[in-house]
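Remarks on the overall topology
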Amino acid sequence: MLLIPLIWAAREIGSSAPVHSLPRTAQGPEVNAASKVCEVASPTTSFSIPYLAQAPELNTDPRSATWSRAASAWIEKDCTHQIDYPKLKTEVRGFWTDSDLYLLFICPYSELNLWLPADNGKDRLKLWDRDVVEFFLGDDWTDIKHYREFEIAPTGDWVDLAIDLNKERYEADWNSGWQRQGRIDETNHVWYAAARVPLNAVSNLPVKAGTRWRANLYRIDGLGEDPQRHFMCWQPTCVVNRDPNHVPEHFGTLSFTR
């Protein structure tokens, strides 16, 4: 999440506070003023995920039976300028059951940028200042500024947030009841993040084949200050001088299928 660090430093877990939208640049070292900004095509990207009748145990092993029937999407571009990051190309696998959404992020890396020591017994803010994957989910196609945010770091540290941009507030004390895991494979330079999110944490409506949610998938990677890091989106948001992640008008679609 890219809500300005100075703002978050003043917050406490369990509180609500204004969400400010101040200009910031998070475009990576390759971007300069002459770069062409992308345009969002309509319809935006769609990720269709299959239904599984049984709810398996969550794990971070992509070779396990848990993920054998999952569909895949890919995160490989800069959020704003369509820069390719082939060495960081991230696979996201997904499926759903009667009760939960399952996602697995498979993240190649060269160097890790971590908050240490790990502290995954409770919400940890400021994960977005280090390596992290994020996904935003919302079921309301009218009030698009109301959605949920989930983040997982390689260490398994996490945070879940209820976002309402209409009120310029987040709810850090909101608890989705999700399960999540992180794992680092140092030998192969890949880290994994797995999530099992209760469907009713995102929507009060029953989820069935044909249900569509607004969604975007993200990865933040790299050492140094923000201009040297990599900010990647599954659905490019194509904005400048603002947070490139919280752009709900440019989210993609998560489609539930049979």
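Residues numbered from 1 in each chain as written. Predicted model: local features only at pLDDT ≥ 70, side-chain atom pairs only at ≥ 80, totals over all residues. Heavy atoms only, no water.

1. Focus on the environment of E76
Heads up, the condition is: Secondary structure follows DSSP: runs of H or I at least 4 residues long count as helices, runs of E at least 2 residues long count as strands, and numbering of each begins at the N terminus. The criterion used for residue contact is that any of the two residues' heavy atoms lie within 4.5 Å.
Checked against the element boundaries, E76 lands in the loop between β3 (71-75) and β4 (77-78). Put simply, E76 and R219 are 143 residues apart on the chain and 9.0 Å apart in space, counted from C-alpha to C-alpha. Beyond its immediate sequence surroundings of up to four residues, E76 is in contact with I83, D84, Y85, K89 and M232.

2. Some remarks on the pairing of β3
Counted only if it meets this: Whether a residue is buried, partly exposed or exposed follows from its accessible area with a 1.4 Å probe, protein chains only, as a fraction of its type maximum: under 20%, in between, or over 50%, in that order. When DSSP finds two or more bridges between two strands, those strands count as paired.
Side chains A71, A73 and I75 project from β3 onto a buried face, and the interleaved S72 and W74 project onto a face without burial. Summarising the sheet, β3 and strand β5 (residues 90-96) pair through five bridges and their orientation is antiparallel. Bridge pairing in β5 links A73 to V92.

3. Section: the packing of aromatic side chains
Aromatic ring pairs are reported here in terms of the distance separating the ring centres and the angle at which the planes meet. This is how the line gets drawn: Side-chain rings of Phe, Tyr and Trp, where Trp is taken by its six-membered ring, are said to pair if the distance between their centres is within 6.5 Å; with planes under 30 degrees apart they count as stacked, over 60 as edge-to-face, and otherwise as tilted.
Scanning the model with the defined rule gives 17 aromatic pairs in all. Both rings, one in F136 and one in Y147, keep their centres 5.6 Å apart while their planes meet at 25 degrees; by these two values the pair is stacked. One end of the pair, F136, is in strand β7 (residues 132-138); the other, Y147, is in strand β8 (residues 146-152), and 11 residues separate them in sequence. With a relative accessible area of 0%, F136 lands in the buried category.

4. Side note on the nonpolar core
We count it as follows: What is meant by a nonpolar core is a set of buried Ala, Val, Leu, Ile, Met, Phe, Trp, Tyr and Cys residues, joined one to another through side-chain atoms within 4.5 Å.
The biggest cluster of nonpolar side chains holds 40 residues, and the ones touching the most others in it are F47, L101, F105, F135, L137, W213 and L254. If sequence neighbours within four positions are ignored, F47 has contacts with A71, S72, A73, V92, R93, G94, L103, L217, W234, T253, L254 and S255. V132, I163, Y218 and F231 belong to the second-largest nonpolar core, a separate cluster that totals 19 residues.

5. Regarding the state of the cysteines
The condition is simple: Here, two cysteine sulfur atoms that lie within 2.5 Å of each other are counted as a disulfide.
Taken as a whole and assessed by the stated rule, the structure comprises two disulfides. Two residues, C38 and C238, share a disulfide whose sulfurs are 1.9 Å apart. The sign of the S-S torsion, about -110 degrees, decides the handedness of the disulfide formed by C38 and C238: left-handed. Of this pair, C38 sits in the loop between β1 (16-18) and β2 (46-49) while C238 sits in the loop between β14 (230-233) and β15 (252-256), and the two are 200 residues apart along the sequence. By relative accessible area, C238 is classed as buried at 11%. Residue C79 pairs covalently with C233 via a disulfide, S to S 2.0 Å. Given an S-S torsion of about 90 degrees, the disulfide between C79 and C233 has right-handed geometry. Residue C79 is found in the loop between β4 and β5, and its partner C233 is found in strand β14; the two are separated by 154 residues along the sequence. Of the two residues, C79 and C233, both sit in the buried class. Each bonded cysteine in the protein chain gets a number by its place in the sequence, and the pairs come out as 1-4, 2-3.

6. Some remarks on the sheet that holds β3
To summarise the sheet geometry, strands pair through backbone hydrogen bonds and adopt either a parallel or an antiparallel arrangement. Test applied: Helix axes are fitted only over the stretch in contact, all axes being lines through C-alpha atoms; the angle between N-to-C directions runs from 0 to 180 degrees.
In space, the five strands of this open sheet follow the order β3-β5-β6-β12-β11, with antiparallel pairing throughout. Two strands in the sheet have a free side with no partner beyond their single neighbour: β3 and β11 (179-185). Neighbouring strand axes in the sheet, compared pairwise and without regard to direction, differ in orientation by 15 degrees on average. As judged from the seven bridges shared by β11 and strand β12 (residues 190-198), these two strands associate in the antiparallel manner. Along β12, the bridge assignment pairs G182 with A193.

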